[in-house]
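Overview (structure and organization)
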Amino acid sequence: MLTKFARRIVLAGALAAATIMPAAAQTLTPIRFTLDFKHQGIHAWYYVALEKGYFKDEGLDVKIDQGEGSAATITRIMSGAYDAGFGDINAIIQQAANKPGEAPVMVYQIYNRPPFVLVTKASSPIKTIKDIEGKKLGGPAGSATLRLLPSLAKANKLDISKIEILNMAPNLQEQMLIQDQVQGSLVFNVTSYMNLIQQKQDPDKDYRWFNYGDLGLDLYSNGVMVSQKLLKENPKAVAGLVRAINKALKEVIADPDMGVKTLVKIEPLINADVEKRRIAYALGNLMNGAEFTELGVGDLTDDKLTRSIDVVAEAYELKAKPKASEVFNRSFLPAKSERMFAPKPN
């Protein structure tokens, strides 16, 4: 028979074990996360958060897969195959109009400027946006840059009927422009700029870039979105996901070399120098919108989002216009002081 003292020792040990075991055996919440495209420097922060344990610290077990396009992120999440991802808010607007209550919700806006651009050779006769009348432009069928061209034309009083469009595969956009098979290509700047570099071109000296955001279509673009299911059933996981990504993003911005080295461990075949330059390009062209200094990364202005919804509704002939609150939810954002950094000016 145990003495009173011995019983106390056993009881104390049991209480200690009861206190320790739940933490040690804590079940992590699984999150299936899809990127928008193949591995690039602009995905480094997700892998930094994974490698450094930031997701795990938030009680999350995050699995990351490559994507098939910014719009595909939304359909992947809506199918139930993924819980969250990095994709285009304009595609959310479309799905929120067509399938209310089913579309993902943006919870952390990263690109506050649109990547949609028309790129031409500097030697081209296209010197102003008005000059695209009577010219042949190329773009992948269904791409957002091509789909928004009529809205761009309307904003700049262009006759869209005078513009010839050649549909092309995404991997041929820069090649066909270089070979003068088209006089302009409708692209995503952060992708095409680097593709030109890899094809031994000088994208600054030898090419002219017409940014939709500077020509009347000041839209938002990519960020972190979550499924309706995750949003409703596990808001704590959503907040943790955002915190972990925000922490890693700030670290990559402060030390891009570290971010790229982490990415190379995942994808050894990428060009580290090109991907480091891609990060810098994104900072200077996609993440430095006018509202950044007021709001910090992750947030947006409802007025601008409402205007974006109007543009997208017209461009895609949507049957309804979702409210800004159906598209973006800022309640999971860390404090503004934790979301501030200094992107390089464009």
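Here, every reference points to the structure presented above.
Presented here is a report on the structure given in the accompanying data block. Quick caveat: nothing in here was measured; it's all calculated off a predicted structure.

If you walk through the whole model with that rule in mind, you get 19 salt bridges. Here Asp204 makes a salt bridge to Arg277, at a shortest N to O gap of 3.9 Å. With Asp204 in the loop between α9 (189–198) and β9 (207–211) and Arg277 in helix α13 (residues 272–285), the pair connects residues that are 73 residues apart, well separated along the chain. Among the residues examined, Arg277 registers a relative accessible area of 40% and is labelled partly exposed. Through salt bridges that share partners, Asp218, Glu291 and Lys304 make up one connected network.

Another point: the sheet that holds strand β1 (residues 29–34). Pairing in this open sheet of five strands is mixed, and the strands run β2-β1-β3-β10-β4 from one edge to the other. With one partner strand each, in any of the chains shown, β2 (60–65) and β4 (105–109) form the two edges of the open sheet. Strand-to-strand twist of the sheet, defined as the mean angle between neighbouring strand axes without regard to direction, takes the value 30°. With six bridges connecting them, β1 and β2 associate as parallel partners. Note on β2: the bridge partner recorded for Arg32 is Lys63.

Moving on to the packing of aromatic side chains. Evaluated as defined, the whole model comprises eight aromatic pairs. With centroids separated by 6.4 Å and ring planes inclined at 65°, the aromatic side chains of Trp45 and Tyr46 adopt a geometry described as edge-to-face. This pair shows no difference in class: Trp45 is buried, exactly as Tyr46 is. Arranged with centres 5.8 Å apart and planes meeting at 45°, the rings of Tyr193 and Trp209 form a pair that is tilted. On the criterion of sequence distance, the pair formed by Tyr193 in helix α9 and Trp209 in strand β9 is long-range, its members being 16 residues apart. By the burial criterion, Tyr193 is buried, and Trp209 matches it.

Parameters and conventions
- Residues numbered from 1 in each chain as written.
- Predicted model: local features only at pLDDT ≥ 70, side-chain atom pairs only at ≥ 80, totals over all residues.
- Heavy atoms only, no water.
- Salt bridge = Lys/Arg side-chain N within 4 Å of Asp/Glu carboxyl O.
- Helix = DSSP H or I, 4+ residues; strand = E, 2+ residues; numbered from the N terminus.
- Buried < 20%, exposed > 50% of the residue type's maximum accessible area, 1.4 Å probe, protein only.
- Pairing = 2+ DSSP bridges.
- Axes fitted to C-alpha atoms, helices over the stretch in contact; angles between N-to-C directions.
- Phe/Tyr/Trp six-rings, centres within 6.5 Å; stacked < 30°, edge-to-face > 60°.

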